[in-house]
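Chain by chain, the residues run as shown.
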Amino acid sequence: NVRAIFPVRNFSNELMIGLLNRPDARFGPDPAAGRDRMLLEALDLALDELEKRFGADMNRWEFGQEKLKHIWLPHPLSEAVRPSLRAQLEIPPQPRGGSAQTVNSTSDSEIQSSGASFRLIADTSDWDRSIGTNTPGQSGNPGSRHYRDLFIPWANGEYFPANYSRPKVEAATEQKSTLIPAINQ
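Numbering of residues starts from 1 in each chain and follows the order in which that chain's sequence is written. Reporting in this predicted model follows two pLDDT cut-offs: at least 70 for local features of residues, and 80 or more for side-chain atom pairs to be given and counted; totals over whole chains, interfaces and linings ignore these cut-offs and use all residues. To get the side-chain values, take all heavy atoms of the structure and skip hydrogens and water.

> What exactly am I supposed to notice about the overall build of the chain here?
Segments assigned H or I by DSSP are reported as helices when at least four residues long, segments assigned E as strands when at least two residues long, and all are numbered from the N terminus. Broken down by element type, the chain carries six helices and five strands. In the chain, the succession of helices and strands from N to C terminus is α-α-α-β-α-β-β-β-α-β-α. As defined in this context, the radius of gyration uses C-alpha atoms, and a globule is described by 2.2 Å times the residue total to the power 0.38. Computed over C-alpha atoms, the radius of gyration of the chain comes to 24 Å, more than 25% over the 16 Å expected from 2.2 N^0.38 for 185 residues, which places it beyond the range of a compact globule. Considering only C-alpha atoms, the chain reaches an extent of 90 × 50 × 40 Å along its principal axes.

> Which parts of the structure should I look at to understand the layout of surface pockets?
If a probe as big as a water molecule is rolled over the atoms, it shows which places are left empty. Method remark: on a 1 Å grid restricted to protein atoms, a set of points is classed as a cavity if a 1.4 Å probe fits but cannot get out and as a pocket if it is open with protein on both sides within 12 Å along at least five of seven lines; lining residues have an atom within 4 Å of a point. Grid points are joined across faces, edges and corners, and a volume is the space filled by probe spheres set on the points. For the largest pocket, the calculated volume is near 510 Å³. In this structure, the largest pocket is lined by 14 residues; those nearest its centre are Q138, H146, A172, T173 and E174. Elements with a minimum of two residues in the lining of the largest pocket: β5 (160-161) and α6 (166-172). Partitioned by chemical class, the residues of the lining of the largest pocket number six nonpolar, six polar and two charged. Residue polarity is assigned by list, with Asp, Glu, Lys and Arg as charged and Ala, Val, Leu, Ile, Met, Phe, Trp, Tyr, Cys and Pro as nonpolar; anything else, Gly included, falls into the polar class.

> Sorry, what's going on with helix α3 (residues 31-54) here?
Along an α-helix, a turn takes 3.6 residues, which lines up residues three or four apart on a common side. In this scheme, a helix's expected span is set at 1.5 Å multiplied by one less than its residue total. Helix length check: α3, at 24 residues, gives a terminal C-alpha distance of 34 Å against a target of 34 Å (1.5 Å per residue), a fit within 8%. Here the term buried applies to any residue with accessible area under 20% of the maximum for its type, exposed to any over 50%, and partly exposed to those in between, with areas from a 1.4 Å probe on protein chains only. Every buried residue belonging to α3 is among G34, R35, M38 and F54, and all of these are buried. Downstream of α3 by a residue or two, G55 has a phi angle that is positive, lying close to 95 degrees.

> In this structure, what is going on with the packing of aromatic side chains? I would like to understand it.
How two aromatic rings sit relative to each other is given by the distance of their centres and the angle of their planes. We call Phe, Tyr and Trp rings a pair once their centres come within 6.5 Å, taking the six-membered ring for Trp, and we label the pair stacked below 30 degrees between planes, edge-to-face above 60, and tilted otherwise. All chains considered together, the criterion is met by two aromatic pairs. Placement of a positive charge over a ring is assigned whenever Lys NZ or Arg CZ falls within 6 Å of the ring centre and within 35 degrees of the normal to the ring plane. Against the face of W154 rests R96, its NZ or CZ located 3.8 Å from the ring centre.

> Honestly, the sheet that holds strand β4 (residues 131-134) in this entry has me stumped. Any pointers?
The strands that make up a sheet are held in pairs by hydrogen bonds between backbone atoms, and each pair lies either parallel or antiparallel. Strand pairing requires that DSSP identify at least two bridges connecting the strands. Reading across the sheet, the three strands line up as β3-β4-β5 and stay open at both edges, with antiparallel pairing between neighbours. A single partner strand is all that each edge strand has here, and the edge strands are β3 (118-121) and β5. Of the pairings in the sheet, the one linking β3 to β4 comprises four bridges and is antiparallel in character. Along β4, the bridge assignment pairs I121 with I131.

> I'm lost on the pattern of salt bridges in this one. Help?
Between side chains of opposite charge, a pair can form when the charged atoms approach closely. Any Lys or Arg side-chain nitrogen located within 4 Å of an Asp or Glu carboxyl oxygen qualifies as a salt bridge. Within this structure, the stated rule accounts for six salt bridges. Close ionic contact of D123 with R129 constitutes a salt bridge, the shortest N to O distance being 3.3 Å. For D123, a relative accessible area of 17% gives the class buried. The exposure class assigned to R129 is exposed, which follows from its relative accessible area of 58%.

> Teacher, can you tell me more about the side chain of R96 here?
By the secondary structure assignment, R96 is in the loop between β2 (91-95) and β3. When charges are counted, Lys and Arg contribute as positive and Asp and Glu as negative, whereas His and the chain ends are disregarded. We note that R96 is buried and unpaired, the nearest opposite charge coming from E158 at a distance of 11 Å. We call two N or O atoms a polar contact when they sit within 3.5 Å, provided that within protein one can donate a hydrogen and the other can accept it, with sequence-adjacent residues counted only if both atoms are side-chain atoms. Within the structure, R96 has its side chain in polar contact with the backbone oxygen of A155 (distance 3.3 Å). Whether two residues are in contact is decided by their heavy atoms, any of which lying within 4.5 Å being enough. Discounting residues that sit within four places of it in the chain, R96 has contacts with G64, K69, H70, I71, N104, T106, Q112, W154 and A155.

Right under this line is the structure:
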């Protein structure tokens, strides 16, 4: 019984890896054979489940697809607006691999429920070599081309230059806005 070997209350990756590397009497009179039998049974069960979910063609099985492991960022107003406006606000789901145990942590749920939406890798020896990633974009305006332009690169683990010096920032500037405070008279 797998639950007897790996009790849920005390389960950890370290415990599991340790027991698989050094099987003990919990696997039966021949611990190595018991471990191997359990692993083969688990593999068979996993393959049966995958075939039920994704079909018999293993070439079509992919971790990080809409049916298994994706990110969806629903807009907070989606349910309150008409479908035509919802289509402008919503960003379609994007496949995203990973798990809570990977460098690019994406949670263990089938629809990513946690993980970094912004990341900056700062090069303190040359700030202009710093890079970042962010989602979904830099604009809160659905009519802007920057509303969702960073979503797919972010989902794919891609980075953009995080310019720092005035010349680099000015070279990348597309538009400037000047805010002038209203003066009460």
